[in-house]
Amino acid sequence: MTENTEKGQHSRKAEIERQATLRRERAAEKLRENLSRRKQQTRARRSGQADETNGLPAAKMDES
């Protein structure tokens, strides 16, 4: 192999590893957000407060 090919392969591997690390960090952040939201919902149910979730409802209400 030539020196340029080896450098190209090394930089490609480094980029792939960097992207994989970023994906893992984003996934970990999403999991923490989800866990926090679920804990908040559980606490709200125990104390009888309204559930203040953000996002779409699980099922669409009948609009007829």
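These notes cover the structure that comes with them. (Residues numbered from 1 in each chain as written. Predicted model: local features only at pLDDT ≥ 70, side-chain atom pairs only at ≥ 80, totals over all residues. Heavy atoms only, no water.)

### Examining the overall build of the protein chain
The criterion, for reference: Helix and strand definitions here come from DSSP, where helices need a minimum of 4 consecutive H or I residues and strands a minimum of 2 consecutive E residues; each element is numbered from the N-terminal end. Residue-level accessible areas treat just the shown protein chains as cover; the underlying method is Shrake-Rupley with a 1.4 Å probe.
Across its full length, the protein chain holds 1 helix and 0 strands. As displayed, the protein chain has an accessible area near 6,500 Å², and 50% of this comes from carbon and sulfur atoms.

### Examining the pattern of salt bridges
Quick reminder of the rule: Each salt bridge in this description consists of a side-chain nitrogen of Lys or Arg and a carboxyl oxygen of Asp or Glu lying within 4 Å of one another.
For the structure on display, the rule yields 3 salt bridges. Here Glu15 and Arg18 are joined by a salt bridge, their closest N and O atoms 2.7 Å apart. Of this pair, Glu15 and Arg18 are both found in helix H1 (residues 3-47), 3 residues apart, which corresponds to roughly one turn of the helix.

### Considerations on the environment of Asn34
We count it as follows: Exposed residues in this analysis have more than 50% of their type's maximum accessible area, buried residues have under 20%, and partly exposed residues fall in between, with area computed by a 1.4 Å probe over protein chains only. In protein, a polar contact means a hydrogen-donor-capable atom and an acceptor-capable atom, both N or O and within 3.5 Å, with residues adjacent in sequence counting only if both atoms are side-chain atoms; elsewhere, any N or O pair within 3.5 Å suffices.
Tracing the sequence through the fold places Asn34 in helix H1. Classification of Asn34 by relative accessible area gives partly exposed; the value is 27%. Side chain to side chain, Asn34 and Arg37 meet in a polar contact 3.0 Å long.

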